[in-house]
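A closer look at the structure
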Protein chains: 2
Amino acid sequence: MRPFDLPLGFKYSTTYAGIRKTEKDDLALIVSGVPAAAAAVFTTNRVQASPVRLARANMRASKGVCGAILINAGNANCATKSGDRVAASTTKALAKILKLLPNQVLPASTGVIGIELDENLILSKLQTLCDGLNDTGLPEVARAILTTDLQPKGASREVTLRRGIVRLAGVSKGSGMIHPRMATTLAFAMTDAVIPQTLLRRMLMRATEVSFNRISVDGDTSTNDTLIVLANGASGVRPDPKEMSVFEESLTELLQSLARQIVRDGEGARKLIAVEVHGAISDAAAGQIARTISNSPLVKTAIAGSDPNWGRILCAAGYAGVNFDPTQVDITLQDIKVCRNGLAAPFDEADMKIRLDDTDVSIVFRIAGKGKGSATFWTCDLTEDYVHINANYRS
Amino acid sequence: MRPFDLPLGFKYSTTYAGIRKTEKDDLALIVSGVPAAAAAVFTTNRVQASPVRLARANMRASKGVCGAILINAGNANCATKSGDRVAASTTKALAKILKLLPNQVLPASTGVIGIELDENLILSKLQTLCDGLNDTGLPEVARAILTTDLQPKGASREVTLRRGIVRLAGVSKGSGMIHPRMATTLAFAMTDAVIPQTLLRRMLMRATEVSFNRISVDGDTSTNDTLIVLANGASGVRPDPKEMSVFEESLTELLQSLARQIVRDGEGARKLIAVEVHGAISDAAAGQIARTISNSPLVKTAIAGSDPNWGRILCAAGYAGVNFDPTQVDITLQDIKVCRNGLAAPFDEADMKIRLDDTDVSIVFRIAGKGKGSATFWTCDLTEDYVHINANYRS
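Bear in mind the structure is a predicted one, so any value in this text is a computation, not a measurement. (Residues numbered from 1 in each chain as written. Chains lettered and ligands numbered in written order. Predicted model: local features only at pLDDT ≥ 70, side-chain atom pairs only at ≥ 80, totals over all residues.)

1. A closer look at the pairing of strand β3 (residues 65-75) of chain A
All names here are of chain A. Counted only if it meets this: Using C-beta atoms placed from the backbone, we call a residue buried if 20 or more other C-beta atoms fall within 10 Å of its own, exposed if 12 or fewer do, and partly exposed for counts in between. Each helix corresponds to a stretch of at least 4 residues labelled H or I by DSSP, and each strand to a stretch of at least 2 residues labelled E; elements are numbered beginning at the N terminus. Note: two strands are recorded as paired if DSSP finds a minimum of 2 bridges between them. Seen with the strands pointing away from the viewer, any crossover whose path from the first strand over the helix to the second strand runs clockwise is right-handed.
Across the 11 residues of β3, 11 count as buried, placing the element largely inside the fold. The pairing of strand β2 (residues 27-42) with β3 spans seven bridges and is antiparallel. Considered in β3, the bridge of I30 is made with I69. Where β3 and strand β4 (residues 105-112) come together, eight bridges link them in parallel fashion. Pairing of G74 across the sheet is with G111, part of β4. Viewed along the sheet, the connection from β3 through helix α2 (residues 83-98) into β4 turns out right-handed.

Below, the structure written as structure tokens:
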């Protein structure tokens, strides 16, 4: 992770609580000096882990005010008898130490599903965790929340506004919902800008739509997906109404960076694939086509093999459930046109193979005509390693 | 393929026309002595190959009367400039030889997408093909229509009705839409029963819904999927109204067998997985859950690794977009309960591993309560071989 300028007024801490078997920090804490405006997005899976249910309830009860986020890796605290009790007791105990209302603490968990989480492992480490709070430990948080993904994921932005500078920073973990009985996507973003809660929520919804809702590793949606943004106002700078869009753009870029890092670090992934669709009848239709191409195992294996397989791309678009005229479609791979008006376009195979060996692959699907809808999705290639990792976890 | 009793009044022929590179029959013909009642189901992909468009048009123009089916493998005749002309000229020429109306010939193609198909390869072999027509050559048809799938697929049934015996037989090819630029599922079923066309069509719709619409290899839908049923009445036996359901059941079983054979022969597949869902709020909801479990790469890789990963199954069901209470769910793998009321149920890991090493795997997902909806889906495991085959076709 590259170093970044951290937003003012946040503190971080991590420790090893013995939740995961290997001795590697598995408990992380993010605290705001003053309770912050909070906005959150949770999984839409019907099966929701206890921390997701509690965080959702706390967000409602506190009217979007949050003082701390308590995160553990190694156990998803999902589909267990004690799940609700563990989420409640640990966040309450933390609130007491930090002198916050219990509903101002948001829990998040990632790891194995269906195995009881021993609350004492967490309870006995809360004081240690709070004692360790410091200004610079966000990179350690990024590492502590990893499960099967390899690289810590972080991003930061600094925005100069008329009234001063505000900072944004965030961390995330992936990779899809990839690991056996593992639940996945977590992301936490902090800013020291002054942003009213209702506005923060609207910004987060819009930003999520073009970041975390635009990535796919394997199409599986986890029981624990959680994305939280905190705005604590510690900079004292409130973007003026005309500059709110500048701030929102920066937040969007931050979340897109965190989302793309998850895809790039997808299990077995060697390539980040950007799928752009233009000329659809609406942005939603473009999104549907981009999503379907991104989820196609045939497209993802073709890219793994550096195979300029535009027939698979056209075919996947064809079952996206969206109307378009196939004879109006151009497909570009790595800036080279491989399909024009739905038919093969000549290209240099050897050159294309070299281009597709890159770790960044661009697919552009363009429909000629009046349609103005466009969308970009990010996915990764599907390699033998993905299957190997996921088929052989327990054996 | 096991031997079967063929329906009366059909003839078959195959030959090598040089469409595929390896010298292996790639052109097949099915002819009915008298034009038969025909019903057909075609791909819903927005990108439709020329033979699909022509077959659809011919079905309409002939009002569901068909005398011959002309099938080629090795080239999908899709996304090419000459596609429509090739489909039209070859079926017209065949109709002339067989003294049929042009719209009584239905074309079907499978193979590479986006490469021009030379019509002369087919035209020059039509007379040979017709000269070779014989009563017993259906197994050769099953072999000639294969592309990347390994095993010829066939099934047959004999039904004893009050008025006499009727026979059904069929062939299919797969395997999903699996191969680079390859388009896939084809199935042809013949019966010598007397079945009015409108009734045949309704039966086919219902039977397809619980057979070909219930299988998944990789979730990709091809540009060329075609399923045709012909009833030529050569037995002289018309099921009486009360026995139509007996005939329909037999047709359904035939199509289910052909569909399951496609899944078992999915690329890289080592296991056929039956996913049963019970207790959903409707059959449609059950189907949606079964489909989502069947399409989950995480479930499919877990089964490949003989991993009793019920957390992935529960999680996949959770994002099926259907309401259910996770705490009411029991999951059974190979007849052993692994999840009870949404929580882990104890089982013998070593015994389960051995059970899951079987080539037939059963997943039963049961929701307790009042729901009466149920559905069965068939899928296959996702192995490293699938990725290997699909990533390395062109290189």
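2. Remarks on the domain arrangement of chain A
For clarity, the cut-off: Per the annotation, domain bounds derive from an automatic or database assignment of domains.
Assigned domains within chain A: domain 1 (10-264) and domain 2 (272-391). Here the C-alpha centre of domain 2 of chain A lies 32 Å away from the C-alpha centre of domain 1 of chain A.

3. Re the confidence of the model for chain A
Do not read the fine detail of predicted coordinates wherever pLDDT is low. Residues and elements named next belong to chain A. Rule in force here: Confidence scores here are pLDDT values: one per residue, from the predictor, ranging 0 to 100. Remark: residues whose backbone-derived C-beta atoms lie within 7 Å of one another are considered to be in contact.
In the predicted model, chain A carries a mean pLDDT of 91, and the fraction of residues at 70 or more is 94%. Confidence over residues 176-182 falls short of pLDDT 50; this stretch has 39 contacts with residues more than four positions distant or in other chains. Our summary of model confidence lists the complex with pTM equal to 0.83 and ipTM equal to 0.77.

4. Quick notes on the sheet that holds strand β15 (residues 373-380) of chain A
All names here are of chain A. The seven strands lie next to each other as β8-β15-β10-β14-β11-β12-β13, forming an open sheet whose pairing is mixed. Whereas interior strands pair on both sides, the edge strands pair on one side only; in this sheet they are β8 (215-216) and β13 (343-344). Pairing geometry for strand β12 (residues 336-340) and β13, over two bridges, is antiparallel. Looking across to β13, one finds that R340 is bridged to L343.

5. Looking at the nonpolar core
Operational definition: Here a nonpolar core is just a set of buried residues of the types Ala, Val, Leu, Ile, Met, Phe, Trp, Tyr and Cys, joined wherever their C-beta atoms sit within 7 Å.
In terms of nonpolar packing, the biggest core is built from 254 residues, with A:A38, A:I289, B:A38 and B:I289 touching the most fellow members. Apart from the residues lying within four places of it in its own chain, the contact partners of B:A38 are B:M59, B:G64, B:V65, B:C66, B:I228, B:V229 and B:L230.

6. What to know about the packing of helix α8 (residues 283-295) of chain A against helix α10 (residues 310-318) of chain A
All names here are of chain A. As a reminder of what qualifies: Helix axes are fitted only over the stretch in contact, all axes being lines through C-alpha atoms; the angle between N-to-C directions runs from 0 to 180 degrees. Here is the rule for angles: anything less than 35 degrees is roughly parallel, anything more than 145 is roughly antiparallel, 65 through 115 is roughly perpendicular, and the remaining ranges are oblique. For any pair of crossing helices, the crossing counts as left-handed if the nearer helix is rotated counterclockwise from the farther one by less than a right angle, and right-handed if it is rotated clockwise.
One can describe the packing of α8 onto α10 by two numbers: an axis separation of 8 Å at closest approach and a directional angle of 130°. Relative to α10, the element α8 lies oblique. Judged by the twist between their axes, the crossing of α8 over α10 is right-handed. Contacts from I289, T292 and I293 of α8 reach α10 at I313, A316 and A317.

7. Some details on helix α2 (residues 83-98) of chain B
Residue and element names in this part refer to chain B. The condition that has to hold: A helix is expected to span 1.5 Å multiplied by its residue count minus one. Here, the arc refers to the directions that run from the helix axis to the C-beta atoms.
Counted at 1.5 Å a residue, the expected span for α2 with its 16 residues is 22 Å, and the 23 Å between its end C-alpha atoms agrees. Among the residues of α2, those classed as buried are G83, V86, A87, T90, T91 and L94. Down the axis of α2, the buried set is contained in an arc of 110°. They therefore lie on one face. Looking at the packing, one finds that the buried side of α2 touches α1 (50-61), β3 (65-75), β4 (105-112), α3 (119-123) and α4 (126-131).

8. Section: unusual backbone geometry
Residue and element names in this part refer to chain B. Notably, S306 is not glycine yet its phi reads approximately 50°, a positive angle. Relative to the helices and strands, S306 resides in the loop between α9 (297-304) and α10 (310-318). Phi angles above zero are rare outside glycine, and Q334 is one such case at about 50°. Within the secondary structure layout, Q334 lies in the loop between β11 (329-333) and β12 (336-340).

9. Some thoughts on the environment of B:A316
The residue B:A316 is located in helix α10 in this model. Linking B:A316 and B:V299, residues 17 residues apart in sequence, is a C-alpha distance of 8.0 Å.

10. A look at the sheet that holds strand β10 (residues 272-280) of chain B
Residues and elements named next belong to chain B. Pairing within the open sheet is mixed, and its seven strands lie in the order β8-β15-β10-β14-β11-β12-β13. The sheet is open, and its two edges are formed by β8 (215-216) and β13 (343-344), each paired on a single side. Note: β11 against β12, three bridges, orientation antiparallel. From the neighbouring strand, L333 faces β12, where its bridge partner is I336. Along the sheet face, helix α8 (residues 283-295) touches β8, β10, β14 (360-367) and β15 (373-380) and points at about 20° away from the line of β15.

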